Amino acid sequence: MGEILRGRAFKLGDNINTDYIIAGKYTKTLDYAFLAEHLLEDVDPTIAKRIKRGDFLVAGKNFGCGSSREQAAIAIKYAGISAVLAKSFARIFFRNAINLGLPALVCDTDLVDEGDELELDIETLSLKNLSKSIPIPVVPLNKIMVNILREGGLVPYLKKHGDYVF
Amino acid sequence: MGKTIIEKILQAHTKDEVKPDRLIEADIDLAFANDITAPLAIEDFKLMGAKKVFDPEKVALIPDHFTPNKDIKSAEQAKLVKEFAKEYGIKHYFEVGRGGIEHVLLHEEGLTLPGDVIIGADSHSCTYGALGCFATGVGSTDLAAAWALGKLWFKVPRTMKFIYHGKLKRWVGGKDIILFTIGQIGVDGALYRAMEFSGDVIRELPMDDRFTICNMVIEAGGKCGVIEPDEKTIEYLNGRAKRNYRIFKSDPDAEYEKIYEWDLSELEPQVAMPHSPANVKGVSQLRGVKVDQVVIGSCTNGRLRDLAIAAEILKGKKVHPDVRVIIFPGTQRVYKEALKLGYIETFIESGAAVSTPTCGPCLGGHMGVLAKGETCISTTNRNFIGRMGHKDSYVYLASPAVAAASAIAGEIASPEEVMKG
């Protein structure tokens, strides 16, 4: 904990659905590295190769709409993405990301341009745009999500606590 | 201030106080998954250290997406699901040949009932709200937690009410109502919200059309859709319900975040154009769009009434020479009924292929994948880029009536015209 994540921003538009994040035809496997290789393939066939560990996905509104496939959040996480930032999230994706320990944060993503250097403090969830030298206010997660994220996801959370804590 | 039906259902399943935006922990009546989402949930369930499911009667497993197994990878996934069902004593496991598409099957089996709290690891789990329950889609990890604990946390959704007045024209039904609604409010128009459907039009609608409406609330970002139970609901459940159930209704002074009210008397059949379910126009505005493939079926429109409408239009007619038509009954029972009623023969005589129940083509999985440049009119629920195949293919969403009419015309066509012609 207390980890600081740094990386570049990959900008995406509004309503990026889970079919775009990982196409249905790739969902019949638990091979996470394979999923990551096909991340956002129909939107930008080169993006999976260009993403480096620590980078951020920065989207518009309703990110992750459509299918409940958790493979979408898995593909993002195993591609090495630090966090997904969006103006709003579709609710199933939002829960899936947090359940996997992948920060999904609501903020004004117009404050970020393609390629900007971003920094996220995982403990406090405070976000900075280093390229523009500005802090980016983040909408706080609810307390359950904060607890789950702190433990690195729902599986490690339940292993430790055995139940939900309100 | 009164409560909505969704607030009352949630309150009956939790010790916490139910109010919009509050976090609650609710007991689960049914938690199910398919061959894409279950393997991940099974992995998580074991990693959590869970030794047994909270109640084997309240878990269902339905291999339907890449089944009958498309290839070795999908066969391995389906095998995992089957073995888990055996190992953990899951009674409601539906093998190929005895099941079908989950969201047509579970209500048909009487496993989803009014007043229930239901979660499914599939976004179209919102379908069951048509029976007057709270039903929503979750991811695999949330599902695994519910299998272990028998409960899950929720944020209580605010409710939006949709009231439809008037009398529908011939060939206009549930699919047109939900496409029209999504077209009006957009793909995030009901984000995180419960969508309550009501009015004269809904009361007149058969159950199969009501399922179609609630099935697609996720396409507007909705958390759940709901229709208050009435005599049609009770008739549907007679001889089918596997448990006792409770009927809830919204109070007259319930609080709604927003109320939409429309008169649908003049509504024509609706079509969602590529690449968004909200990109909706009336069928008359799309005449002349050539189609290569027609798909009739899916969790949205694979019920008996859907096939009855398609058969009525295709009877005695031939599919256009340039078009391939693939029809998927939603379940084995729907298939058998359609066979008895002569629909299957009508389809085959018209030149359509009839497939065993599967989700295959809807998600570009198998059994009807599109090539580059191809156009499909489909009764499914999503038309995103690449959804049914190549990223340069085009999907139009419509009702079984419009899909069947288009199959004959070889281009997008209204049922009225085709029946006249």
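Note that the structure is predicted; figures quoted are calculated from it, not measured. (Residues numbered from 1 in each chain as written. Chains lettered and ligands numbered in written order. Predicted model: local features only at pLDDT ≥ 70, side-chain atom pairs only at ≥ 80, totals over all residues. Heavy atoms only, no water.)

This part takes up the overall build of chain A. Broken down by element type, chain A carries 7 helices and 7 strands. Along chain A, helices (α) and strands (β) appear in the sequence β-α-α-α-β-α-β-α-β-β-β-β-α-α when read from the amino end. Here the C-alpha atoms of chain A give a radius of gyration of 15 Å, agreeing with the 15 Å that 2.2 N^0.38 yields for 166 residues. With the principal axes as the frame, chain A shows a C-alpha extent of 40 × 40 × 25 Å. Contacts in chain A between residues far apart in sequence, at least 24 positions, make up 65% of those at least 6 positions apart. If you sum the accessible surface of chain A, you get close to 6,300 Å²; carbon and sulfur atoms cover 53% of it. A gap of 3 Å separates the mean positions of the 21 positive and 21 negative side-chain charges of chain A. (Helix = DSSP H or I, 4+ residues; strand = E, 2+ residues; numbered from the N terminus. Rg over C-alpha atoms; globule rule 2.2 N^0.38 Å. Contact = heavy atoms within 4.5 Å. Areas by Shrake-Rupley, 256 points an atom, 1.4 Å probe, with all protein chains shown as cover. Lys, Arg positive; Asp, Glu negative; His and termini not counted. Charge placed at Lys NZ, Arg CZ, Asp CG, Glu CD.)

Quick look at the environment of B:I178 now. Residue and element names in this part refer to chain B. By secondary structure assignment, the location of I178 is in helix α6 (residues 174-185). Accessibility expressed as a relative area gives 0% for I178, which makes it buried. When the C-alpha positions of I178 and A220 are compared, they lie 9.5 Å apart, and in sequence the two are 42 residues distant. Discounting chain neighbours no more than four positions away, the residues touching I178 are F197, T212, I213 and M216. (Buried < 20%, exposed > 50% of the residue type's maximum accessible area, 1.4 Å probe, protein only.)

Below, the discussion takes up the sheet that holds strand β4 (residues 92-93) of chain B. Residue and element names in this part refer to chain B. The strand order β4-β3-β2-β5-β6 describes an open sheet built from 5 strands, whose pairing is parallel. Each having just a single partner strand, β4 and β6 (134-137) make up the two edges of the open sheet. With 2 bridges connecting them, strand β3 (residues 59-62) and β4 associate as parallel partners. When the bridges of β4 are listed, L61 appears paired with Y93. (Pairing = 2+ DSSP bridges.)

In this section: the pattern of salt bridges. Side chains bearing opposite charge may pair, as long as their charged atoms lie close to each other. Tallied over the full model, the rule gives 41 salt bridges over all chains. Between B:D142 and A:R95 there is a salt bridge, with the nearest N and O atoms lying 2.7 Å from each other. Taken together, the positions of B:D142 in helix α5 (residues 140-149) and A:R95 in helix α5 (residues 91-99) put the pair across two chains. In this structure, B:D230 engages B:R203 in a salt bridge whose closest nitrogen and oxygen atoms are separated by 2.5 Å. Taken together, the residues span a long stretch of sequence, with B:D230 in the loop between β10 (224-226) and α9 (231-237) and B:R203 in helix α7 (residues 200-204) at a distance of 27 residues. Judged by its relative accessible area of 8%, B:D230 is buried. On the basis of relative accessibility, which here comes to 25%, the residue B:R203 falls in the partly exposed class. Salt bridges sharing common partners tie together B:D21, B:R158, B:R193 and B:E257. (Salt bridge = Lys/Arg side-chain N within 4 Å of Asp/Glu carboxyl O.)

Residue and element names in this part refer to chain B. Structurally, chain B comprises domain 1 (5-261) and domain 2 (270-420). Each partner contributes to the roughly 3,200 Å² buried at the junction of domain 1 and domain 2, and carbon and sulfur atoms together form 61% of this total. Summed over the three residues of domain 1 that lose the most area to domain 2, namely I101, W171 and K175, the buried surface amounts to 23% of that side. Across the domain 1-domain 2 interface, the total number found is 5 salt bridges. (Domains from an automatic or database assignment. Buried area = accessible area lost by both parts, 1.4 Å probe.)

This part covers the interface of chain B and chain A. Each partner contributes to the interface: chain B provides 49 residues, whereas chain A provides 44 residues. For the chain B and chain A pair, buried surface summed over both sides reaches about 4,100 Å², with 58% attributable to carbon and sulfur atoms. It is B:L40, B:W153 and B:Y192 that lose the most area in chain B upon contact with chain A, and together they represent 16% of the buried surface on that side. The tally of links between chain B and chain A comes to 4 salt bridges. For the salt bridge of A:K28 with B:D71, the shortest nitrogen-to-oxygen distance reads 3.0 Å. The interface formed by chain B and chain A holds 19 residue pairs in polar contact (both at pLDDT 80 or more) in total. (Polar contact = N/O pair within 3.5 Å; in protein donor to acceptor, adjacent residues only side chain to side chain.)

Okay, the packing of α5(A) against helix α6 (residues 143-150) of chain A next. Residues and elements named next belong to chain A. Remark: α5 packs on α6, axes separated minimally by 8 Å, with the N-to-C direction vectors making an angle of 35°. The residues of α6 that touch α5, namely those facing F94, R95, I98 and N99, are M145, I148 and L149. Residue composition of the contact of α5 with α6, by class: 5 nonpolar, 1 polar and 1 charged. (Axes fitted to C-alpha atoms, helices over the stretch in contact; angles between N-to-C directions. Nonpolar A, V, L, I, M, F, W, Y, C, P; charged D, E, K, R; others polar.)

This part covers the environment of B:G342. Along the chain, B:G342 turns up in the loop between α12 (332-340) and α13 (343-350). The spacing of B:G342 and B:K315 is 27 residues in sequence and 9.8 Å in space, taken between C-alpha atoms.

We now examine the nonpolar core. The nonpolar side chains of a soluble globular protein tend to be buried, and buried together. Of all hydrophobic cores here, the largest spans 105 residues; its most connected members are A:L57, A:F63, A:I76, B:L61 and B:W147. Here A:I76 is in contact with A:I21, A:L39, A:L57, A:F63, A:I81, A:V84, A:F93 and A:L102, once residues within four sequence places are set aside. Residues B:C126, B:L168, B:C214 and B:L397 belong to the second largest nonpolar core, which totals 47 residues. (Core = buried A, V, L, I, M, F, W, Y, C linked by side-chain atoms within 4.5 Å.)

Residues and elements named next belong to chain B. Counted by the stated rule, this structure contains 5 cavities of 30 Å³ or more. Approximately 220 Å³ is the volume found for the largest cavity. Looking at the lining of the largest cavity, the elements that each hand over two or more residues are α4 (102-108) and α10 (298-301). A domain-level breakdown of the lining of the largest cavity finds at least three residues from each of domain 1 (5-261) and domain 2 (270-420). (1 Å grid on protein atoms, 1.4 Å probe; cavity = no way out; pocket = protein on both sides within 12 Å on 5 of 7 lines; lining within 4 Å. Points joined across faces, edges and corners; volume = space filled by probe spheres on them.)

Residues and elements named next belong to chain B. Under the counting rule described, the total for this entry stands at 22 aromatic pairs over all chains. Plain terms: the ring middles of F45 and W147 are 6.2 Å apart, the flat faces sit at 80° to each other, and that makes the pair edge-to-face. Of this pair, F45 sits in helix α2 (residues 38-47) while W147 sits in helix α5; the two residues are 102 residues apart in sequence, bridging distant segments of the chain. Residues F45 and W147 agree in their burial class; the two are buried. Taking 5.3 Å as the distance between ring centres and 15° as the angle between the ring planes, the aromatic pair formed by Y260 and W262 counts as stacked. The exposure class assigned to Y260 is buried, which follows from its relative accessible area of 17%. (Phe/Tyr/Trp six-rings, centres within 6.5 Å; stacked < 30°, edge-to-face > 60°.)

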